[in-house]
Amino acid sequence: MSVSTTSVAPFTGTYTADRDHSSFGFAVRHMGVSTFRGSFSNVSATVAAGEDGTLTLKGVVQAGSISIVSPPELRAHVLGTDFLDADHHPAIAFESDPARLGHDGTITVEGRLTIRNVTRSVVATGTYATPVEDPYGNTRAAIELSATVDRRDYGMTWNMPLPNGGDALATQVTLTVQLELIGD
């Protein structure tokens, strides 16, 4: 059961993602037999708690920071016009509506995801950890989210037929975000 953050209100103030302890990734089925996973290294995210306890999230990922190392041709293909088109659309962005926090540590976040200058509504679900003080006097919290999107909705329609039927690349992509947050 999800409830409004007004009744839970474990967060106050603004939090920013600790880049060293946060990750932003994706997973997509490849050749129907395995899952290709990747991540991005140049990301920023903020979580703001309103006076009423509602949380909103904003995040930006630099498409060119994708972690595909080998082979270089694959990285170039994913950054090219068939997929991210990073030269023309260098950023992937997300902005949420007020999140719903459950008393059981669950979170539901509805918002808008922009890839290739195409914005679509998405719903992400996951868990949160309420703020604690770290050994250095900082306030830390965490949010982990997952959402599945259809890459074709963002103009990424490339595919290749397999010899025995089916496509080389699935259309459903799972996005994952693990945020370790530092309070301001």
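The preceding data block contains the structure.
None of these values were measured; they are calculated from a predicted model.

This brings us to the pairing of strand E2 (residues 13–17). When E2 meets strand E5 (residues 43–49), the two strands line up antiparallel, connected through 4 bridges. Within the sheet, the bridge partner assigned to Thr16 lies in E5 and is Thr46.

Ranked by size, the top nonpolar core spans 44 residues in total, and within it Leu57, Leu84 and Ile143 carry the most contacts. Looking at this core element by element, the count peaks at 5 residues for strand E11 (residues 139–150). Contacts of Leu57, omitting those with residues within four sequence positions, involve Thr46, Val47, Phe94, Glu95, Ser96, Ala99, Val109, Ile143, Leu145 and Leu179.

With that settled, the discussion passes to the pattern of salt bridges. When charged atoms on two side chains of opposite charge get close, those side chains can pair. Taken as a whole and assessed by the stated rule, the structure comprises 6 salt bridges. A salt bridge links Asp18 to Arg140; the nearest nitrogen and oxygen atoms lie 2.8 Å apart. With Asp18 in the loop between E2 and strand E3 (23–30) and Arg140 in strand E11, the pair connects residues that are 122 residues apart, well separated along the chain. You can call Arg140 buried: its relative accessible area is 18%. Across the pair Arg100 and Glu110 runs a salt bridge whose closest N-O atoms are separated by 2.9 Å. Of this pair, Arg100 sits in strand E8 (residues 100–101) while Glu110 sits in strand E9 (residues 106–115), and the two are 10 residues apart along the sequence. For Arg100, a relative accessible area of 31% gives the class partly exposed. A cluster of three or more residues bridged by salt bridges with shared partners is formed by Asp18, Asp134, Arg140 and Glu180.

Definitions and cut-offs
- Residues numbered from 1 in each chain as written.
- Predicted model: local features only at pLDDT ≥ 70, side-chain atom pairs only at ≥ 80, totals over all residues.
- Heavy atoms only, no water.
- Pairing = 2+ DSSP bridges.
- Helix = DSSP H or I, 4+ residues; strand = E, 2+ residues; numbered from the N terminus.
- Core = buried A, V, L, I, M, F, W, Y, C linked by side-chain atoms within 4.5 Å.
- Buried < 20%, exposed > 50% of the residue type's maximum accessible area, 1.4 Å probe, protein only.
- Contact = heavy atoms within 4.5 Å.
- Salt bridge = Lys/Arg side-chain N within 4 Å of Asp/Glu carboxyl O.

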